[in-house]
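Observations on chain architecture
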Amino acid sequence: PILVPVAGNAGLAVAFGQVRADSVVANLVGGNAVSKPGWPRVLVGTALFGPVAGDFDDNGTPDFVYSTGNLIASNAGADSVYVFAANGNRVMARFYSSPGNLEVSGMVDVDLDQRPDIIAVSDRSNILGIRFNGLLSRAFDRLGFFMESGQPPAFGDMGNDGLMEMALSDLGAPLLYAFGFGSWNPTYAPWPMKGHDAKRTNAFSGLTVVGVDGPGPVPGPIAGWARALPNPAVGRVALTHSRPLAGRFEAAIYDLRGRLVRHIAAGEAQPGGAAPTWTWDGTDETGRNAAAGVYFYRVVDARGAMATRVVRLP
């Protein structure tokens, strides 16, 4: 079970699943031990995994994800992923062919499109990223040998360097994957536990990465977000920010390897100023058009960093 704040509910609501003799059930219960309106939901299958929570449909409210497994060969329709809104409405239901159980384990932005993806483990060996449209993130799929049930991969910025990492145990051996430059963005991290531990893992359930060498650094407040519009883009891109800048700042565009492409702005922010809006015309420091591809915009000031991905089209 997980505890999640839900609009209209005093305190926290409890999301959990139940396996019964004839069905599997997803439920959301308020502090008065009564199911919330629209709940429970009866699902197809003989095994149940989850829940995990996140803003899957990008509307600012929590959604709840479950997956069903199949312990009976004749029980068709299992190995499915279900997403429900807090009011019990179904956001998505999708069948995924899996030789073994399909276990949902988390929600994190693995394809860097600034909205969370469902993380699921198929047959204890294949890690899947499921996008908002139900399709798999092909660039993310990872094939292992054997991951214990209930020991899903964990995600976080473990090095405090702006890179998102994925940690897992495969055949008992620890593995660590690192994503690209600027891949860690707390604005698009799993909801609602952003930076709740010293290593900023934001894990909802299952395996959580924690420090073993003593207390880690406690992260400061979330610095805010940056946004590029339009995105993807062919020509100019407007760079907007969620807050005014503070103190000395520097803003620039970088490529996937972290190399500088173009300085955007630098200086000392004036107290009481508004959140800035700048423009990148798509050129590099020499004035030549940057090649089509993925870039990262990042501005750093006295309060921290704000960053976003920018995609240039041919």
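Residues numbered from 1 in each chain as written. Predicted model: local features only at pLDDT ≥ 70, side-chain atom pairs only at ≥ 80, totals over all residues. Heavy atoms only, no water.

The next subject is the overall build of the protein chain. Across its full length, the protein chain holds zero helices and 22 strands. When the 314 residues of the protein chain are sorted by exposure, 48% land in the buried category. Sequence-distant contacts in the protein chain: of pairs separated by 6 or more residues, those separated by 24 or more amount to 44%. (Helix = DSSP H or I, 4+ residues; strand = E, 2+ residues; numbered from the N terminus. Buried < 20%, exposed > 50% of the residue type's maximum accessible area, 1.4 Å probe, protein only. Contact = heavy atoms within 4.5 Å.)

The next thing to look at is the packing of aromatic side chains. Here the structure, examined in full by the defined rule, presents five aromatic pairs. Plain terms: the ring middles of Trp39 and Phe84 are 5.6 Å apart, the flat faces sit at 70° to each other, and that makes the pair edge-to-face. Here the residue Trp39 occupies a position in the loop between strand E3 (24–29) and strand E4 (41–43), and Phe84 occupies one in strand E7 (residues 80–85), the gap between them amounting to 45 residues. Grouping residues by exposure puts Trp39 and Phe84 together as buried. Residues Phe249 and Trp278 carry aromatic rings whose centres are separated by 5.7 Å and whose planes lie at 25° to one another, so their mutual orientation is stacked. Of the two residues, Phe249 is situated in strand E18 (residues 248–254) and Trp278 in strand E20 (residues 277–280); the sequence distance between them amounts to 29 residues. Each member of the pair, Phe249 as well as Trp278, is classed as buried. One aromatic cluster in this structure is built from Trp39, Phe64, Tyr82 and Phe84. Looking at Arg227, its charged tip hangs above the ring of Trp225, at a distance of 4.3 Å from the centre. Over the ring of Trp280 we find Arg312; its NZ or CZ atom is 5.8 Å from the centre of that ring. (Phe/Tyr/Trp six-rings, centres within 6.5 Å; stacked < 30°, edge-to-face > 60°. Lys NZ or Arg CZ within 6 Å of the ring centre and 35° of its normal.)

Reading across from one edge, E1-E2-E3-E4 is the order of the four strands in this open sheet, with antiparallel pairing throughout. Each end of this open sheet is capped by a strand with a single partner; those strands are strand E1 (2–5) and E4. Averaged over all adjacent pairs, the angle separating strand axes in this sheet is 25°, with direction ignored. Note: E1 against strand E2 (residues 12–19), four bridges, orientation antiparallel. Along E2, the bridge assignment pairs Val4 with Ala13. (Pairing = 2+ DSSP bridges. Axes fitted to C-alpha atoms, helices over the stretch in contact; angles between N-to-C directions.)

In terms of strand pairing, E7 meets strand E8 (residues 90–95) through five bridges, oriented antiparallel. Bridged to Phe84 within E8 is Arg90. Taking the residues between adjacent antiparallel strands as the criterion, E7 and E8 are bridged by four residues, where Gly88 takes a positive phi near 90°.

Strand order across the open sheet formed by three strands is E16-E17-E20, with antiparallel pairing between neighbours. Both outer strands of the open sheet, strand E16 (226–229) and E20, are each paired with one neighbouring strand and no more. In this sheet, neighbouring strand axes are inclined to one another by 25° on average, regardless of whether the strands run parallel or antiparallel. As paired elements, strand E17 (residues 237–241) and E20 share four bridges and run antiparallel to each other. Looking at the pairing, Val237 lines up with Trp280 of E20.

These figures come from the coordinates and say nothing about function on their own.
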